[in-house]
Amino acid sequence: MARELAGRPFLARCLPACRRPRGGSGSGSCLAALLLTIGADVDADDAGDELLPLLQAGGYNIFWRHAHAGAGMDIIRYTTDETELRDCARQRDLDGRGQGDARAVGAGFREAAIPVGEVLASPYCRTMKSAHIAFPEDRVRREDGIATVCQAPAGVMETNTVRLRELLATPPPAGTNRVLVSHNCNIRALARDLTERCAREPEQGDAVVFGPVAAAPGFEFVACLPLARMRGWARGG
């Protein structure tokens, strides 16, 4: 990304200020500038290289689409029934690939020294398992407000989208990042233009980074974070 910053002195000057998403002079405009740079014309490897020191400093909310779940049984889609939510055999669940990806993501965060304070997960098997495999058990908490909105009643889609917005606008505990493990439908309901910013919709295992800011709506898009980049951190890449 150095070649990109060379022609953009504003970005080179204000990049260190982005380490603190909320508070501090110019942080909002800096994040907006990074949005245009990281999201638009910088390749995934360069974006990851510039994003890493920001995440190491903490202060970001990371929306992580659950790890790979096979097609398998998908009888239970949207539900609030506790028995159905616990029935992993009748809903899409992590397959071997997904379990491996979740372990690699967790290893990547640890190897890259990215501090994670809390992990909030949708109540479905594929999201809860992704969270528990990747991160320490004592940091994982179920969050019904980010349960899938796929095939959900209109009122639920609105309510859960509002809740997701609230979480993205809430700064994580100082010096840490918050991970939200959820679903593709939820991120599409929140930001329908992510395909343009990320070149494609987040695939299973991909993440999107947001920073809380003072200006409405309370958060800014920062960068797309592909699964391959997070796996690369575990290999020192």
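The numbers attached to residues start from 1 for each chain and follow its sequence in the written order. Per-residue local features are limited, in this predicted model, to residues with pLDDT of at least 70; the limit for side-chain atom pairs, both in listing and counting, is 80 or more; totals at the level of whole chains, interfaces and linings are taken over all residues. Hydrogens and water are ignored here; the side-chain numbers use all heavy atoms of the structure.

Overview of the pattern of salt bridges
This is how it is decided: The term salt bridge refers to a pairing of a side-chain nitrogen on Lys or Arg with a carboxyl oxygen on Asp or Glu at a separation within 4 Å. Remark: exposure states derive from per-residue accessible area (1.4 Å probe, protein chains only) relative to the maximum for the residue type, with buried under 20%, exposed over 50%, and partly exposed in between.
This structure, assessed with the given rule, holds 12 salt bridges. Put simply, Asp144 and Arg142 hold a salt bridge, and the shortest N to O gap is 2.6 Å. Its relative accessible area of 41% is what places Asp144 among the partly exposed residues. With its nearest N and O atoms 3.2 Å apart, the salt bridge here joins Arg163 to Glu143.

A look at the confidence of the model for the protein chain
Heads up, the condition is: Here pLDDT means the predictor's own confidence in every residue, given as a number from 0 to 100. The contact definition used throughout considers only heavy atoms, calling two residues in contact when any of these lie within 4.5 Å.
Mean pLDDT for the protein chain: 82, with 76% of residues reaching 70 or above. Scored below 50 in pLDDT, residues 1-20 shows 41 contacts in the model against residues more than four places distant or in partner chains. Low pLDDT, under 50, characterises residues 23-46; the stretch is placed with 58 contacts to residues that sit more than four places away or in other chains.

What to know about the environment of Arg231
We count it as follows: Runs of E in the DSSP output that reach at least two residues are strands. Runs of H or I that reach at least four are helices, and both are numbered from the N terminus. Polar contacts, as used here, are pairs of N or O atoms within 3.5 Å; protein pairs need one atom able to donate a hydrogen and one able to accept it. Residues neighboring in sequence count only if both atoms are side-chain atoms.
The residue Arg231 is located in helix 11 (residues 227-234) in this model. The sequence separation of Arg231 and Ala104 amounts to 127 residues, and the corresponding C-alpha distance is 5.4 Å. Filtering out sequence-adjacent residues up to four positions away, Arg231 remains in contact with Gly100, Asp101 and Ala104. Here Asp101 takes part through its side chain, which lies 2.5 Å from a polar atom of the side chain of Arg231.

Some remarks on the state of the cysteines
What counts here: Here, the term disulfide refers to a pair of cysteine sulfur atoms separated by no more than 2.5 Å.
Enumeration over the complete set of coordinates arrives at three disulfides. One disulfide bridge connects Cys88 with Cys125, the sulfur atoms lying 2.1 Å from each other. Handedness here is read from the sign of the S-S torsion; for Cys88 and Cys125, about -85 degrees, the answer is left-handed. Linking Cys88 in the loop between helix 5 (82-86) and helix 6 (96-111) with Cys125 in helix 7 (residues 125-134), this pair joins segments that are 37 residues apart in sequence. Cys88 sits in the partly exposed class, given a relative accessible area of 24%. By relative accessible area, Cys125 is classed as buried at 5%. What pairs with Cys150 in a disulfide is Cys185, and their sulfur atoms sit 1.8 Å apart. Since a negative S-S torsion denotes a left-handed disulfide, the Cys150-Cys185 link at about 100 degrees is right-handed.

Comments concerning the sheet that holds strand 1 (residues 61-65)
For the record, the criterion: The criterion for strand pairing is that DSSP finds at least two bridges linking the strands in question. Simply put, an axis is a line fit to the C-alpha atoms, just over the touching stretch for a helix, and the angle between two N-to-C directions goes from 0 to 180 degrees.
Judged by pairing direction, the sheet is mixed, and its six strands sit side by side in the order 3-2-4-1-5-6 without closing on themselves. The sheet is open, and its two borders are formed by strand 3 (140-142) and strand 6 (219-225), each paired with just one other strand. On average, each strand axis in the sheet is tilted by 25 degrees relative to the strand beside it, whichever way the strands run. As paired elements, strand 2 (residues 116-121) and strand 3 share three bridges and run parallel to each other.

Looking at the side chain of Gln204
Among the structural elements, Gln204 can be located in the loop between helix 10 (194-198) and strand 5 (207-212). A relative accessible area of 17% places Gln204 in the buried class. A distance of 2.8 Å separates the side chain of Gln204 from the backbone nitrogen of Ala69, its partner in a polar contact. Here Arg92 takes part through its side chain, which lies 2.8 Å from a polar atom of the side chain of Gln204. Not counting the four nearest positions on each side in its chain, Gln204 is found in contact with Arg65, His66, Ala67, His68, Ala69, Arg92 and Leu227.

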